[in-house]
Amino acid sequence: MRAIQKSNCYHREGHNAPCSYGDTPYMLLFGAVQVVMSQIPDFHNMEWLSVVAAIMSFTYSFIGFGLGFAQVIENGEIKGSITGVPAASIADKLWLSFQALGDIAFAYPYSIILLEIQDTLRSPPPENKTMKKASMISIFVTTFFYLCCGCFGYAAFGNNTPGNLLTGFGFYEPYWLIDFANACIVLHLVGGYQIYSQPVFAFVERWFTEKFPGSGFVNKFYTFKLPLLPTFQINLFKICFRTAYVASTTILAMIFPYFNQVLGVLGALNFWPLAIYFPVEMYFVQKKIQPWTRKWIVLRSFSSVCLLVTIVGLIGSIQGLISAKLG
């Protein structure tokens, strides 16, 4: 949202103009929107929001890819180097590399929502087979866009490549297209926030329902009918908990408004336990894999390497977060 305002300013005043705007009003606005959106009852009622978010994601990804490709053609050369952006010291280079691993770790795993999505699928065919096919297609498409945007972005700007191609102002023109792409990012993140938050809501609310079965505050629903709107039900506990959850994440975002570093921390925390360790352990149990067999050794080695990636990614991202905050 800030990038849209800056883009219009650069277009009016020139690319070197001091177009500086704060983050806080936009974060508060986004939080207010999420308070309302968080009242969507559950994952099964989010199909329309998921479709909108997916369309927005494809749209700004195509725009980022197209702008990067066009910039490379305009430059007439491929910028950058095989060793990447130089750093002041080897230690700084390592920190940046570790942070990048954390960003990549965040970019792929969706295990926290996989079963929730699978639960919404119709059968036949069996839900797990449909989900496996959808997962393979989505990973292929995601990888395609990551490589295109990452490689062409770096080839276009070399060592001056911003952390975010569309909001970091690698591109200034056409400004209306940059504005449109950033508007798509906003809509995508409105949906993405809900898709990742709904499993958390469901888990906490289920736990409280089982823990306090006799509580009216937790379990009682009230029916409302507003003009021109369908009848809906509200629950006081859901309203309070979901609002508090959104408020807490908004406050954290205001304290740490650092895109890549925060992504790295979140990615490193989620990557190994949810995407690697638990699936591998479940596979051992399901397939009755015996210790010290070839398959057991390969999967254990794979899990150990991914654990190492998670640790260095977390360390690098936390260091980057602290440096950004103190700097």
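- Per an unreviewed UniProt entry, the recorded name for the chain is Amino acid permease 7 isoform 4, and the organism is Theobroma cacao.
- Comment text from UniProt for the chain, heading Subcellular location (unreviewed entry), reads "Membrane".

## Regarding the overall build of the chain
Reasoning step 1: Counting its regular elements, the chain contains eleven helices and two strands.
Reasoning step 2: Ordering the α and β elements of the chain from the N terminus gives α-α-α-α-α-α-α-α-β-β-α-α-α.
Reasoning step 3: Buried residues in the chain amount to 31% of all 327 residues.
Reasoning step 4: Within the chain, contacts between residues separated by at least 24 positions form 72% of all contacts whose residues are at least 6 apart in sequence.
Reasoning step 5: Here the chain has roughly 20,000 Å² of accessible surface; of this, 70% comes from carbon and sulfur atoms.
Reasoning step 6: Across the chain, the mean location of the 21 positive side-chain charges is 10 Å away from that of the 16 negative side-chain charges.

## Some points on the pattern of salt bridges
Reasoning step 1: Using the criterion set out here, one finds three salt bridges in the structure.
Reasoning step 2: The salt bridge partner of Glu 205 is Arg 242, with a shortest N-O separation of 2.7 Å. Of this pair, Glu 205 sits in helix H7 (residues 175-211) while Arg 242 sits in helix H9 (residues 236-255); the two residues are 37 residues apart in sequence, bridging distant segments of the chain.
Reasoning step 3: Arg 242 gets classed as buried once you look at its relative accessible area, which sits at 2%.
Reasoning step 4: Here Arg 300 makes a salt bridge to Glu 281, at a shortest N to O gap of 2.5 Å. Taken together, the positions of Arg 300 in helix H11 (residues 294-326) and Glu 281 in helix H10 (residues 259-287) put the pair 19 residues apart, joining distant regions of the chain.

## Looking at a nonpolar patch on the surface
Reasoning step 1: On the surface, Phe 217, Tyr 222, Phe 224, Leu 226, Leu 229, Phe 232 and Leu 236 cluster together to form a nonpolar patch covering roughly 590 Å² of accessible area.
Reasoning step 2: Tracing the backbone shows Tyr 222 in strand S1 (residues 221-224).
Reasoning step 3: For Tyr 222, a relative accessible area of 32% puts it in the partly exposed group.

## What about the packing of aromatic side chains?
Reasoning step 1: Scanning all chains against the criterion turns up 21 aromatic pairs.
Reasoning step 2: Taking 6.1 Å as the distance between ring centres and 80° as the angle between the ring planes, the aromatic pair formed by Phe 217 and Phe 237 counts as edge-to-face. With a gap of 20 residues between them, Phe 217 in helix H8 (residues 216-219) and Phe 237 in helix H9 connect regions that are remote in the sequence.
Reasoning step 3: Judged by relative accessible area, which is 41%, Phe 217 ranks as partly exposed.
Reasoning step 4: Judged by centre distance (6.5 Å) and plane angle (25°), the rings of Phe 284 and Trp 296 are stacked. You can see Phe 284 sitting in helix H10 and its partner Trp 296 sitting in helix H11, a full twelve residues away along the chain.
Reasoning step 5: With a relative accessible area of 7%, Phe 284 lands in the buried category.
Reasoning step 6: Among the residues examined, Trp 296 registers a relative accessible area of 14% and is labelled buried.
Reasoning step 7: What links up through ring pairs into an aromatic cluster is the set Phe 201, Trp 207, Phe 208, Phe 212, Phe 217, Phe 237, Phe 241 and Tyr 245.

The rules we used
- Residues numbered from 1 in each chain as written.
- Predicted model: local features only at pLDDT ≥ 70, side-chain atom pairs only at ≥ 80, totals over all residues.
- Heavy atoms only, no water.
- UniProt positions renumbered as here; feature names shortened; annotations may be inferred.
- Helix = DSSP H or I, 4+ residues; strand = E, 2+ residues; numbered from the N terminus.
- Buried < 20%, exposed > 50% of the residue type's maximum accessible area, 1.4 Å probe, protein only.
- Contact = heavy atoms within 4.5 Å.
- Areas by Shrake-Rupley, 256 points an atom, 1.4 Å probe, with all protein chains shown as cover.
- Lys, Arg positive; Asp, Glu negative; His and termini not counted.
- Charge placed at Lys NZ, Arg CZ, Asp CG, Glu CD.
- Salt bridge = Lys/Arg side-chain N within 4 Å of Asp/Glu carboxyl O.
- Patch = residues over 30% accessible without salt bridge, like charges linked within 9 Å, V, L, I, M, F, W, Y side chains within 5 Å.
- Phe/Tyr/Trp six-rings, centres within 6.5 Å; stacked < 30°, edge-to-face > 60°.

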